[in-house]
Amino acid sequence: MTATRRPTTRKQPIIERIETDPKDPRLAHIMVGGATRSVATVGRETLSALGVREGIRWTAQLETRVRNAQAERDARSHALAMLARASQSAESIRRGLLRRRVAQDIVERTVESLVADRWIDEAAHAALRADRLSASRPGACEAHLTEALGNEGITERLALREARRVAGSAESAARALLLARTALQRRGRRTAVAVAQSLARKGFDPSIIADAMRREGYDCDAE
């Protein structure tokens, strides 16, 4: 009769201490198995949410849950910092987090929670960006503004709606006409057509360019 040796199972270490960070009482260091260095530093709310306490085992599953929760906390903190600097759309927050190599699922949960908490207001952001673009690009046509807003991550529906609103502003059109006429008056050695083409590349509405050319005595259909 031969004896077979039973495979040994390694016990998971115990969380011996949870120490408050001396520099930030909102953070806690998890100390495991007599180690002098923490295995994780997390927010107090994470400990509470996951039921992490002294005396329980530091399993691989618990470690994964803690690290995922902390990654979500860090992602939300970074997103809120972005919002503190400037208004953001859901897509711009998404792009910012992905640039930091945050996992896709954490990015999506972070964006969803910010929208639910009304930190992100897509409609208000679209209106704000449209107003600012209109101010910096007076006379820009609806198509140009729609494209510019879309490139910033604003949804097609909101981009079109806000572009239509600001492109039709009488004040914006008047400023654009003045700028176009000034450009024609200061054209130097450039032809009027060259100036008109330059204005078109900047997004000026074609009707405003044509109006400016007529008022300055140029045949807008020439060349």
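Quantities reported herein were computed from a predicted structural model and do not represent experimental measurements.

How each quantity is defined
Residues numbered from 1 in each chain as written. Predicted model: local features only at pLDDT ≥ 70, side-chain atom pairs only at ≥ 80, totals over all residues. Heavy atoms only, no water. Pairing = 2+ DSSP bridges. Helix = DSSP H or I, 4+ residues; strand = E, 2+ residues; numbered from the N terminus. Axes fitted to C-alpha atoms, helices over the stretch in contact; angles between N-to-C directions. Buried < 20%, exposed > 50% of the residue type's maximum accessible area, 1.4 Å probe, protein only. Salt bridge = Lys/Arg side-chain N within 4 Å of Asp/Glu carboxyl O. Contact = heavy atoms within 4.5 Å.

Draft legend 1. How the structure looks around the sheet that holds strand β2 (residues 27-32). Strands sit in the order β1-β2-β3 across an open sheet of three strands; the sheet is antiparallel. Unpaired on one side and paired on the other, β1 (15-20) and β3 (40-43) mark the two borders of the sheet. Neighbour to neighbour, the strand axes of the sheet diverge by 30° on average, direction disregarded. Note that β1 and β2 share five bridges and pair antiparallel. Its bridge partner lying in β2, Glu19 is registered against His29.

Draft legend 2. Molecular detail of helix α10 (residues 206-215). Of the positions making up α10, those classed as buried are Ile208, Ile209, Ala210, Ala212 and Met213. Trailing α10 by a residue or two, Gly217 shows a phi angle of about 90°, which is positive.

Draft legend 3. Local environment of the pattern of salt bridges. Under the counting rule described, the total for this entry stands at 18 salt bridges. Two residues, Glu108 and Arg94, come together in a salt bridge whose shortest N-O distance is 3.0 Å. With Glu108 in helix α4 (residues 104-116) and Arg94 in helix α3 (residues 90-99), the pair connects residues that are 14 residues apart, well separated along the chain. By relative accessible area, which is 23% here, Glu108 ends up partly exposed. What makes Arg94 buried here is its relative accessible area of 18%. Across the salt bridge formed by Asp121 and Arg118, the nearest N and O atoms sit 3.6 Å from each other. Taken together, the shared-partner salt bridges in this structure form one network comprising Glu91, Arg94, Arg95 and Glu108.

Draft legend 4. Representation of the environment of Ala176 within the structure. Structurally, Ala176 can be placed in helix α8 (residues 170-185). Sequence spacing of Ala176 and Ser134 is 42 residues, and the spatial spacing of their C-alpha atoms is 10.0 Å. Filtering out sequence-adjacent residues up to four positions away, Ala176 remains in contact with Pro138, Gly139, Phe204 and Ile208.

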